[in-house]
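Here's the letter readout for the chains.
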Amino acid sequence: MIWNDKLSATRAGLRNLNTAMPDTARTFGSLGKAVKKGGVLDFKTKEFIALGISIGIRCEPCISLHTEALVKAGANRDEVADVLGMCIQMGGGPSMMYAAKALECFDELSSA
């Protein structure tokens, strides 16, 4: 349950930040919505890309949020593992460590 706890903590931190800068938060949120619904790639593919970037930049809160989005989008473990393999190939050892975190997160969130 650590990933659910991390998600809760991340959301609490974001709510606090959004309260401090509502215009910026609203504008950033609008950008996210526009990017996710527009273009030729489907939502799940875009979330796979976001997960890969999250691993590459070593952002655990990003990993949890994008993994949760992938679970909700119907991603399966084999698809996630395939993305994680690309992350490892591109990022080496550090990406392997964060890929392990992402798979742990996926396993926890998809079993709920």
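Please refer to the structure higher up on the page.
Conventions and cut-offs
Residues numbered from 1 in each chain as written. Predicted model: local features only at pLDDT ≥ 70, side-chain atom pairs only at ≥ 80, totals over all residues. Heavy atoms only, no water. Helix = DSSP H or I, 4+ residues; strand = E, 2+ residues; numbered from the N terminus. Rg over C-alpha atoms; globule rule 2.2 N^0.38 Å. Buried < 20%, exposed > 50% of the residue type's maximum accessible area, 1.4 Å probe, protein only. Contact = heavy atoms within 4.5 Å. Areas by Shrake-Rupley, 256 points an atom, 1.4 Å probe, with all protein chains shown as cover. Lys, Arg positive; Asp, Glu negative; His and termini not counted. Charge placed at Lys NZ, Arg CZ, Asp CG, Glu CD. Phe/Tyr/Trp six-rings, centres within 6.5 Å; stacked < 30°, edge-to-face > 60°. Lys NZ or Arg CZ within 6 Å of the ring centre and 35° of its normal. Disulfide = S-S within 2.5 Å. Salt bridge = Lys/Arg side-chain N within 4 Å of Asp/Glu carboxyl O.

Engineer: Go over the overall build of the protein with me, naming the residues and quoting the values.
Structural biologist: Within the protein, the secondary structure is distributed over five helices and zero strands. Secondary structure of the protein in N-to-C order comes out as α-α-α-α-α. The C-alpha radius of gyration computed for the protein amounts to 14 Å, which stays within 12% of the reference 13 Å derived for 112 residues, consistent with globular compactness. C-alpha extents for the protein along the principal axes are approximately 40 × 35 × 30 Å. By residue count, 29% of the 112 residues in the protein fall in the buried class. In the protein, of all internal contacts separated by at least 6 residues, the share reaching a separation of at least 24 is 71%. Put simply, the protein shows about 6,900 Å² of open surface, and 63% of that area lies on carbon and sulfur atoms. Side chains of the protein give 13 positive and 12 negative charges; the mean places of these two sets differ by 8 Å.

Engineer: Got a sec to walk through the packing of aromatic side chains? Specific residues and values, please.
Structural biologist: For the structure shown, the criterion picks out zero aromatic pairs. Positioned above the aromatic ring of Trp 3 is the side chain of Lys 6, whose terminal nitrogen or guanidinium carbon lies 4.5 Å from the ring centre. Its end group placed over the ring of Tyr 98, Lys 101 keeps NZ or CZ at 5.7 Å from the ring centre.

Engineer: Tell me about the state of the cysteines, residues and numbers included.
Structural biologist: On inspection of all chains with the given rule, the structure shows one disulfide. Covalently, Cys 59 is tied to Cys 62 through a disulfide, its sulfur atoms 2.4 Å apart. Classification of the bridge connecting Cys 59 and Cys 62 rests on its S-S torsion, roughly 65°, and on that basis the disulfide is right-handed. The cysteine Cys 87 is free of any disulfide, with Cys 62 supplying the nearest cysteine sulfur at 13 Å. Cys 62 supplies the cysteine sulfur nearest to Cys 105, a cysteine that is in no disulfide, at a spacing of 12 Å.

Engineer: Describe unusual backbone geometry, naming the residues involved and giving the relevant values.
Structural biologist: Positive phi, close to 60°, is recorded for Arg 58, a residue that is not glycine. Tracing the backbone through its elements, the reader meets Arg 58 in the loop between helix H3 (43–56) and helix H4 (60–72). With a relative accessible area of 39%, Arg 58 lands in the partly exposed category.

Engineer: Give me the lowdown on the side chain of Lys 46, citing residues and values where you can.
Structural biologist: By secondary structure assignment, the location of Lys 46 is in helix H3. Buried within the structure, Lys 46 lacks any salt-bridge partner; Asp 42 is the closest side chain of opposite charge, at an N-O distance of 8.1 Å. Leave out the neighbours within four places in its chain, and Lys 46 touches Val 35, Lys 36, Gly 38, Gly 39 and Leu 41.

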